[in-house]
Amino acid sequence: MPWGEFKDIAAERRLFQRRAFVMLLLVFVLLGVLIARMYQLQVVEHDIYTTLSDKNRVQVQSVAPPRGLVYDRNDVLLAENRPVFSVTLVPERVDDMEQTLAKLRGMLSISEEDMERFQRRLLEPRRPFQELPLRYDLNEQEIARLAVHRHELPGVEVSAELVRYYPHSTLTAHALGYVGRINRQELQRIDPVNYAGTNYIGKSGVERFYEELLHGRVGYQHVETNARGRTLRVLERENPVPGEDIQLHMDLRLQRLAHDLLDGRRGAIIAIEPSTGGILALASVPGFDANLFVTGIGVEAYRSLSKSVDKPLFNRALRGQYPPGSTLKPMLAIAALDSNAVTRDKTIWDPGYYQLNSGGRRWRDWKRGGHGWVDLKSAVAESCDIYFYEAAVTMGVDTMHKYLSDFGFGEDATLDVAGALSGLLPSSDWKRAIHSEPWYPGDSVNLGIGQGFMLATPLQLATATSVIANRGHWAEPRLLKDIKGDQSIDEVLPTGTHQSIDLENPDDWEFVVESMAEVMHGNKGTARRAAKGAPYRMAGKTGTAQVFSLAEDEEYDEEEIRERLRDHALFVGFAPVEDPQIAVAVIVENGGSGSGTAAPVARAMFDAWLLDFSGTDSELVVGSSGEGNH
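All of the points below concern the structure found in this document. (Residues numbered from 1 in each chain as written. Predicted model: local features only at pLDDT ≥ 70, side-chain atom pairs only at ≥ 80, totals over all residues. Heavy atoms only, no water.)

### A word on the pattern of salt bridges
Move 1: As enumerated under the stated definition, the model contains 26 salt bridges in all.
Move 2: Here Arg266 makes a salt bridge to Asp310, at a shortest N to O gap of 3.6 Å. You can see Arg266 sitting in the loop between α10 (252-261) and β11 (267-273) and its partner Asp310 sitting in the loop between α11 (299-306) and α12 (316-319), a full 44 residues away along the chain.
Move 3: Take Arg266: its relative accessible area is 9%, and that puts it in the buried class.
Move 4: Given a relative accessible area of 25%, Asp310 falls into the partly exposed group.
Move 5: The shortest N-O distance in the salt bridge between Asp508 and Arg344 comes to 3.0 Å. Of this pair, Asp508 sits in helix α20 (residues 507-521) while Arg344 sits in the loop between α13 (329-338) and β13 (348-350); the two residues are 164 residues apart in sequence, bridging distant segments of the chain.
Move 6: Taking the relative accessible area as the measure of exposure, Asp508 reaches 6% and is therefore buried.
Move 7: On the basis of relative accessible area, Arg344 is assigned to the partly exposed category, the value being 29%. (Salt bridge = Lys/Arg side-chain N within 4 Å of Asp/Glu carboxyl O. Helix = DSSP H or I, 4+ residues; strand = E, 2+ residues; numbered from the N terminus. Buried < 20%, exposed > 50% of the residue type's maximum accessible area, 1.4 Å probe, protein only.)

### Comments concerning the packing of aromatic side chains
Move 1: Following the criterion strictly, the structure yields 12 aromatic pairs and no others.
Move 2: Between Phe288 and Phe293, the aromatic rings sit 5.6 Å apart at their centres with planes inclined by 75°, giving edge-to-face as the arrangement.
Move 3: Its relative accessible area of 5% is what places Phe288 among the buried residues.
Move 4: In this structure Phe293 comes out as buried when scored by relative accessible area, which is 12%.
Move 5: Aromatic rings pair up to connect Tyr178, Phe288, Phe293 and Tyr302 into one cluster.
Move 6: Above the face of the Phe613 ring, Arg253 is positioned so that its terminal group lies 4.2 Å from the ring centre.
Move 7: Sitting above the plane of the Tyr403 ring, Lys402 keeps its charged end 4.4 Å from the centroid. (Phe/Tyr/Trp six-rings, centres within 6.5 Å; stacked < 30°, edge-to-face > 60°. Lys NZ or Arg CZ within 6 Å of the ring centre and 35° of its normal.)

### With respect to the side chain of Ser444
Move 1: With respect to the helices and strands, the residue Ser444 is situated in helix α17 (residues 441-447).
Move 2: Note on Ser444: relative accessible area 4%, which makes it buried.

### Quick notes on the environment of Glu124
Move 1: Relative to the assigned elements, Glu124 resides in the loop between α4 (112-123) and β4 (132-135).
Move 2: Assessed through its relative accessible area of 33%, Glu124 is described here as partly exposed.

### Considering unusual backbone geometry
Residues apart from glycine generally show negative phi values, whereas peptide bonds are mostly found in trans.
Move 1: With omega at 0°, the peptide bond leading from Val285 into Pro286 counts as cis.
Move 2: Tracing the sequence through the fold places Pro286 in the loop between β12 (278-285) and α11.
Move 3: In this chain, Ala575 is followed by Pro576 through a cis amide linkage whose omega measures -15°.
Move 4: By the element assignment, Pro576 lies in the loop between β19 (568-575) and β20 (582-588).
Move 5: Even without glycine at this site, Asp75 takes up a positive phi of about 65°.
Move 6: Within the secondary structure, Asp75 is located in the loop between β2 (70-71) and β3 (77-89).
Move 7: The phi dihedral of Arg471 is positive, around 55°, even though this residue is not glycine.
Move 8: Within the secondary structure layout, Arg471 lies in the loop between α18 (458-469) and β17 (480-483).

Encoded structure:
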């Protein structure tokens, strides 16, 4: 460096100062931007980001309401809720579904049916973040095993829930029905808000009809969760409103007796309290275990039930439609008297057959040699077909249709019995529409003894019998007796629409009732052996329903007919005659004789209700009678 050249210290200082100022200015600018951004986030957009943060940390969970309980008339519990632990998965939170399922199968006993059911539910429409059950009813060891490996299973939870349980499932399955998991169709029609936390809904019977009453109202809770979605604590909770507890007219003791009386046979028994219409017993045998359907029945178990030749899933009491046979005669006797087709004193000669025209087809009487001279009372007591053939032709189909409609045939006349069918009450218009044929006098002949096109359910027969017991007053069949809460029964029970049957001569009611009493207590009554020794008077009518038709001159040989082709045995009746407390309809499929098979069953029901359950001892008379098939 030449001697005369020196550093310009002042210039370098000025340069440094300028650079430092620029950098300091840049720092302040950046700091200002940062402060502005912080102000925007913390002040301007505070609510937005607080909400987003809470969505990650706090979740709103629905809380299913406890389902209402069901009691019988004596406060015996028929349907309750019990806690069940199950392993569930939330698909949205599971990282690898196949790997997770493989781990669970290594820890728990999970059947192929469980896996198939879970895979089906995985593909069905569902609510977001809905828990899908994989296996129910875990034991303590399985729960502990899952707790140990909980950190390895994101999206997997052990859930405790109240699940419907039926202590007397087989006895009450057809009357109460059952609940099951909500399916795709039900998901479209239910209230998504009120059912947000609910997996079950009533599928049939009382459970379905009173679903809204039994379900209750959903509750909510705000819970704090971790990054894996597991609940840490409950921040806020709005409790659900439990479903209402209800009481039925049903008496479990009578229901059990009905099942015992039909044990080993196929059939149905309906018992009604005439004064209220309350259904005391609704038995369809064989039955099934309703608890199998609550959490989902297995394929093999369902196949066994559905393929059974005895059809245990079929509700014979409500949906079994049978020709009523001679049990229709008391109702037709009322129709014939009130329409002046017959009088109380009118007698006819019964040679054992009936002809519309001389030389024409012969309609046979059940008693091959005939009953000789009979009037209306003896025709009912002895079940004379010929008398009712002639009365039916005199009345004609229109008159019979009108009166039988008044008794509730051809419709579901119940107030709250889910699934009841309406049977078939034929008319001339119906036959023309369905068969493109006019109504022939021969059709009226068949209808006169409850055969031909006519079909009725056991519930309809019990209902019509109850109307006779009430001397024409209607009390529609109902199951609900009371609501054990603040809600009034009038708010939920449908209103009856049937008017009392007013006869031109009200004494005709007593005449027909006495005719039915002759069936049970008369010297020639078809069911006199079933009523033997009773300390009270009862009224009834026996009947049979043909499973197949015979040719005009063909004999009926029961021993040569396979059991399932034999006639169905029927009986309708009520007791006591003076102050009816119970009306009963019985059908025993392929039972043969109404007097020998069905009538003793009804007598046992009468004795139990009037004597045993009221505290008086009585020996049940269940012996058979050989008084023909009527």
